[in-house]
Amino acid sequence: MSATACQQALDAVFRADPTVQAALGNPVRLVEAPVKLTAYPFAIWRRWETKPIDSSLVQSDEHIATLEVVCRQNGAEVAREAVAALASCAAAARPNAIGARIVLILPLFCDVLRSADGRSWLGLVRLKIIADRN
């Protein structure tokens, strides 16, 4: 399963989740690239790594995807809520409901930190996704 197909499947799951909607708005502000008029907080796919993990029987890919949450509110609480919502939604997702070729979705890492500009907070969610290629 390609990185694009995996991302689109996860986007659909995040957009349908009430907890993610509460944290990132309804419709969910999950953007491809930040634009000047995007309301805060929003999430953006920051990085996507893919490598083959073929076995003798199944051809699969391991995807390591990083979502970044950007918040302008004072304090880190809004970023923490958004990161928790995304990680919980990903962990609870049923791979067969998303797409028959996604085998595993596992949150690996979450972090919240002040951005370099000192005015906003960043949240990071790193996900591991195993998907069959067939």
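Counting restarts for each chain, with residues numbered from 1 along the sequence as it is written. Side-chain atom pairs in this predicted model are given and counted only at pLDDT of 80 or more, local residue features only at pLDDT of at least 70, and totals for whole chains, interfaces and linings cover all residues. The basis for the side-chain values is all heavy atoms of the structure; hydrogens and waters are excluded.

A. Here's a closer look at the environment of Leu 86. Within the fold, Leu 86 resides in helix H3 (residues 77-92). Overall, Leu 86 belongs to the buried group, its relative accessible area being 2%. Considering only alpha carbons, one finds Leu 86 and Leu 122, 36 residues apart in sequence, at a separation of 14 Å. Every residue in contact with Leu 86, bar those within four places of it in the chain, is listed here: Phe 14, Val 20, Leu 24, Ala 43, Leu 67, Val 69 and Val 125. Only DSSP runs of H or I reaching four residues or more are called helices, and only runs of E reaching two or more are called strands; each is numbered from the N terminus. Burial status follows relative accessibility: with a 1.4 Å probe on protein chains alone, a residue under 20% of its type maximum counts as buried, one over 50% as exposed, and anything between as partly exposed. Contacts are assigned to residue pairs that have any heavy atoms within 4.5 Å of one another.

B. Here's a closer look at a nonpolar patch on the surface. Together, Val 103, Leu 104, Leu 106, Leu 108 and Phe 109 make up an exposed nonpolar region whose accessible area comes to about 390 Å². If you trace the backbone, Phe 109 turns up in strand E4 (residues 102-114). The class of Phe 109 is partly exposed, set by a relative accessible area of 35%. Every patch collects residues that have over 30% relative accessible area and no salt bridge, joining them within 9 Å if they carry like charges and within 5 Å if they are nonpolar side chains (Val, Leu, Ile, Met, Phe, Trp, Tyr). Using the Shrake-Rupley algorithm and a 1.4 Å probe, accessible areas are obtained, with residue cover drawn only from the displayed protein chains. Every case where a carboxyl oxygen of Asp or Glu lies within 4 Å of a side-chain nitrogen of Lys or Arg is listed as a salt bridge.

C. Region of the structure containing the nonpolar core. Among buried residues, the Ala, Val, Leu, Ile, Met, Phe, Trp, Tyr and Cys ones that are joined through side-chain atoms within 4.5 Å form a nonpolar core. Counting residues in hydrophobic clusters, the biggest one holds 33 residues, and the most contacted among them are Phe 14, Leu 24 and Leu 86. Only helix H1 (3-16), helix H2 (18-24), strand E2 (42-52), strand E3 (60-71), H3, E4 and strand E5 (121-132) provide two or more residues apiece to this core. Per-element tally for this core: the top contributor is H3, with 8 residues. Residues contacting Leu 24, with those up to four places away along its chain left out, are Arg 29, Pro 41, Phe 42, Ala 43, Val 69, Ala 82 and Leu 86. Counting 5 residues, the second-largest nonpolar core is a separate cluster that includes Val 31, Ile 44, Val 70 and Leu 122.

D. Representation of the sheet that holds strand E1 (residues 30-31). A sheet is described by the order of its strands in space; here 5 strands give the open sequence E1-E2-E3-E5-E4, paired in mixed fashion. Two strands in the sheet have a free side with no partner beyond their single neighbour: E1 and E4. Across 12 bridges, the pairing between E3 and E5 is antiparallel. Counterpart to Thr 66 in the pairing with E5 is Arg 126. Here an axis means a line fitted to C-alpha atoms, over the contact stretch when the element is a helix, while the angle between two N-to-C directions is reported on a 0 to 180 degree scale. Docked against the sheet, H1 engages E1, E2, E3, E4 and E5, running at close to 145° with respect to E2. In this fold H3 packs onto E2, E3, E4 and E5, with an angle of close to 170° to the strand it touches most, E4. Criterion used throughout: strands pair if DSSP finds at least two bridges between them.

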